[in-house]
Amino acid sequence: MSSPQPVNTTYEPFSMEPEYVEANHGFVARQDLTGVKRFLDLACGTGSISELLLQQSPSAHLNGIDYDPVQVDLSAKHFTELGYTVRRGFELTDEVIAGKPVLVFGVGSADELPFPDGTFDSVTIGNAIHVLPDKERFLAAVARVLRPGGVFGFNSSFYAGTNPPGAAQHMYEWLKEASAYIERKNEKLRAEGRPPIKRVRGTRGPAFSNRWYSPQEWTEMLGRCGLRVHDSNERTVYLDERCLATVGAYGGLAEVVMSGYPVEEASEALQATAGISLRNMNIDRLPRNWLEMWATRE
Ligand SMILES: C[S@@+](CC[C@H](N)C(=O)[O-])C[C@H]1O[C@@H](n2cnc3c(N)ncnc32)[C@H](O)[C@@H]1O
């Protein structure tokens, strides 16, 4: 077995995959945000959604929050390269420098928002709402910081309806092949007299332990929090081998679906077996549905 290159376990590679960029673009483009003066982008990661928001309203100010300092650093670096002045923390600023609004990115939790009531015209959370432990607590925090008439949007590929018929089998194939990959690596390590890769059970909850809600359940939950859904869409995205390999390498996914393995090993195994998992199903692209919702703060 040739020794693989170290795997980049951040979200950055997947955030640049064309299929993912296109899905996020489609999500943001559904809402007219041209009049927005202040955005809040939660779980902003490396800033993919933030950038699309600012394309719609280039003079708006934007605060981003993510609890991973590595993603926040990547986001700050990216916007600095685009010519923005980027600050860290939770400041609300109206400053414009070199013709561009100052952007502020903070390390923190998406459900603890240190801002006054009614601060934002638009709040978004891209590809992350499904991981939040208490959705209603989160939505209540969002509703509080939105002004009346402001909009909240999210997209997610983890909901009841996310797997088109037959597609759910893919995860089983992928995990089977990734486990076999680690076992082959272990055989080699043992033959060399080196310690094998160990799986330590109980380090994380069971994979996908968060319940997946249907569009109707999301609509009702948003409504209970004062957020009236005015637009809902399901978008089918086709993930090819390269795209699956980059999402598999993302540590946030790898540590959940292969919980207990060292994250670098799990990421490497998922990346290496993305292609065979597709071939086992006789497909070259995996269809996956993304839910997109936009709601108005009442
Ligand atoms: C799949 S990435 C999505 C990033 C970006 N929003 C996008 O759509 O490309 C999920 C992000 O959610 C962040 N995250 C997860 N739970 C969070 C929480 N409770 N508070 C803040 N960020 C969180 C992770 O650190 C990660 O950057």
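Refer to the structure presented above.
## Some thoughts on helix 4 (residues 69-81)
Okay, step 1: Compared with an ideal rise of 1.5 Å per residue, which puts 13 residues at 18 Å, helix 4 spans 18 Å between its outermost C-alpha atoms and is within 8% of the ideal.
Okay, step 2: Within helix 4 the residues assigned to the buried category are Gln71, Val72, Ser75, Ala76 and Phe79. Projected down its long axis, helix 4 carries its buried residues within an arc of 135 degrees, all on one side. Opposite the buried face of helix 4, at more than 90 degrees from it, the exposed residues are Thr80 and Glu81.
Okay, step 3: As for helix 4, its buried residues are in contact with helix 3 (48-56), strand 2 (61-66), strand 3 (86-88) and strand 6 (103-107).
Okay, step 4: Of the residues one or two after helix 4, Gly83 is the one with positive phi, at around 100 degrees.

## Details of the pairing of strand 10 (residues 285-297)
Two faces make up the sheet, and in a regular strand the side chains alternate between them.
Okay, step 1: Inspection of the sheet shows strand 8 (residues 146-156) paired to strand 10 by 6 bridges, in the antiparallel sense. Within strand 10, the residue paired with Asn155 across the bridge is Glu292.
Okay, step 2: With 13 bridges connecting them, strand 9 (residues 227-240) and strand 10 associate as antiparallel partners. Residue pairing in the sheet places Asp231 in a bridge with Trp294 of strand 10.

## Side note on the site of the ligand
Okay, step 1: The local shell around the ligand holds 21 residues, among which Ala43, Gly45, Asp68, Ala110 and Gly126 are the closest.
Okay, step 2: Contributing elements (two or more residues each) for the shell around the ligand: helix 3 and strand 2.
Okay, step 3: Looking at side-chain class alone, the shell around the ligand contains 10 nonpolar, 9 polar and 2 charged residues.

## What about the sheet that holds strand 8?
Okay, step 1: Across the sheet, which stays open at both edges, the 8 strands sit in the order 3-6-2-1-7-8-10-9 with mixed pairing between neighbours. With one partner strand each, in any of the chains shown, strand 3 and strand 9 form the two edges of the open sheet. The sheet shows a mean angle of 15 degrees between the axes of neighbouring strands, taken without regard to direction.
Okay, step 2: Packing against the sheet, helix 5 (residues 135-145) makes contact with strand 1 (38-42), strand 7 (120-126), strand 8, strand 9 and strand 10, and its axis sits at approximately 140 degrees to strand 8.
Okay, step 3: Running at roughly 115 degrees to strand 9, helix 8 (residues 241-249) makes contact with strand 9 and strand 10 of the sheet.

## Description of unusual backbone geometry
Okay, step 1: Within the chain, Ala98 stands out as a residue other than glycine whose phi angle is a positive 50 degrees.
Okay, step 2: With respect to the helices and strands, the residue Ala98 is situated in the loop between strand 4 (96-97) and strand 5 (100-101).
Okay, step 3: Judged by C-beta crowding, with 8 C-beta atoms within 10 Å, Ala98 ranks as exposed.
Okay, step 4: A positive phi is found at Asn127, a non-glycine position, where the angle reads about 55 degrees.
Okay, step 5: With respect to the helices and strands, Asn127 occurs in the loop between strand 7 and helix 5.
Okay, step 6: Here Asn127 falls in the buried class, since 23 other C-beta atoms lie within 10 Å of it.

## Some words on helix 6 (residues 169-191)
Helical geometry: 3.6 residues make up each α-helical turn, so side chains three or four residues apart lie on a common side.
Okay, step 1: With 23 residues, helix 6 ought to run about 33 Å at 1.5 Å a step, and its terminal C-alpha atoms sit 34 Å apart, in line with that.
Okay, step 2: For helix 6, the full list of buried residues reads His170, Trp174, Ala178 and Ile182.
Okay, step 3: For helix 6, the secondary structure elements touched by its buried residues are helix 10 (263-280) and strand 10.
Okay, step 4: Count one or two residues on from helix 6 and you reach Gly193, which has phi positive near 75 degrees.

Rules behind the numbers
Residues numbered from 1 in each chain as written. Predicted model: local features only at pLDDT ≥ 70, side-chain atom pairs only at ≥ 80, totals over all residues. Helix = DSSP H or I, 4+ residues; strand = E, 2+ residues; numbered from the N terminus. Expected span 1.5 Å × (residues − 1). Buried ≥ 20, exposed ≤ 12 C-beta atoms within 10 Å, placed from the backbone. Arc of directions from axis to C-beta. Contact = placed C-beta atoms within 7 Å. Pairing = 2+ DSSP bridges. Near = placed C-beta within 6 Å. Nonpolar A, V, L, I, M, F, W, Y, C, P; charged D, E, K, R; others polar. Axes fitted to C-alpha atoms, helices over the stretch in contact; angles between N-to-C directions.

By themselves, these figures tell us nothing about what the structure is for.
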